[in-house]
Amino acid sequence: MYLCLTLLDVFGRLDDNGRLAAATRTPDGHLELLAEARQELAVSPYSARVVIDDVRRAWQLERLSTPGPSPVVVIPPPRGTSSTAAP
């Protein structure tokens, strides 16, 4: 989601006050880095977030963070099985 929001922010206002020229003056502002961020998601969402944060900084976009503590991930049982074990 973070990458999608970043893409919308970048391409939704691409020519806004010369942002493209300003952003591409730094290595983190080049559009190719967005493609690299997408590839990094296949490796690790944690390392991809660092790349996306760098892109957002170069494009002068506000860094987004999740509110509160990290959510607890609960993996449901496979379909067709009950949540309680049979005796």
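Help me understand the pattern of salt bridges, please; the structure alone is not making it clear to me.
Between side chains of opposite charge, a pair can form as their charged atoms come close. All chains considered together, the criterion is met by three salt bridges. For the salt bridge of Asp54 with Arg57, the shortest nitrogen-to-oxygen distance reads 2.9 Å. Taken as a pair, Asp54 and Arg57 lie in helix H4 (residues 45–58) at a separation of three residues, close to a single helical turn. With relative accessibility at 54%, the residue Arg57 sits in the exposed group.

How do you make sense of the packing of aromatic side chains when you look at a structure like this?
Here the distance between the centres and the angle between the planes together describe a pair of aromatic rings. Under the criterion given, the structure shown has zero aromatic pairs. Positioned above the aromatic ring of Tyr2 is the side chain of Arg49, whose terminal nitrogen or guanidinium carbon lies 4.3 Å from the ring centre.

Explain the environment of Ser47 here, please?
Here Ser47 is to be found in helix H4. The exposure class assigned to Ser47 is partly exposed, which follows from its relative accessible area of 26%. For the pair Ser47 and Ala37, spaced ten residues apart in the sequence, the C-alpha separation amounts to 8.8 Å.

Just checking my understanding: could you explain H4 for this structure?
Note on helix geometry: an α-helix contains 3.6 residues per turn, so any two residues three or four positions apart are oriented the same way. With 14 residues, H4 should cover 20 Å at 1.5 Å per step; its first-to-last C-alpha distance of 20 Å lies within 8% of that length. Within H4 the residues assigned to the buried category are Ala48, Val51, Ile52, Asp53, Val55, Arg56 and Ala58. Turning to H4, the residues buried within the fold contact helix H1 (2–12), helix H2 (19–23) and helix H3 (32–43). The distance from a side-chain oxygen at the start of H4 to the backbone nitrogen of Tyr46 is 3.2 Å, and the residue carrying that oxygen is Ser44. Remark: Gln60 follows H4 within two positions and exhibits a positive phi of approximately 60°.

Help me understand the environment of Leu61 in this model?
Locating Leu61 in the fold gives a position in the segment after H4. We classify Leu61 as buried; its relative accessible area is 12%. When the C-alpha positions of Leu61 and Thr6 are compared, they lie 8.3 Å apart, and in sequence the two are 55 residues distant. For Leu61, the residues in contact, after removing those within four places along its chain, are Asp9, Val10, Arg13, Arg19 and Arg56.

Conventions and cut-offs
- Residues numbered from 1 in each chain as written.
- Predicted model: local features only at pLDDT ≥ 70, side-chain atom pairs only at ≥ 80, totals over all residues.
- Heavy atoms only, no water.
- Salt bridge = Lys/Arg side-chain N within 4 Å of Asp/Glu carboxyl O.
- Helix = DSSP H or I, 4+ residues; strand = E, 2+ residues; numbered from the N terminus.
- Buried < 20%, exposed > 50% of the residue type's maximum accessible area, 1.4 Å probe, protein only.
- Phe/Tyr/Trp six-rings, centres within 6.5 Å; stacked < 30°, edge-to-face > 60°.
- Lys NZ or Arg CZ within 6 Å of the ring centre and 35° of its normal.
- Expected span 1.5 Å × (residues − 1).
- Contact = heavy atoms within 4.5 Å.
- Polar contact = N/O pair within 3.5 Å; in protein donor to acceptor, adjacent residues only side chain to side chain.

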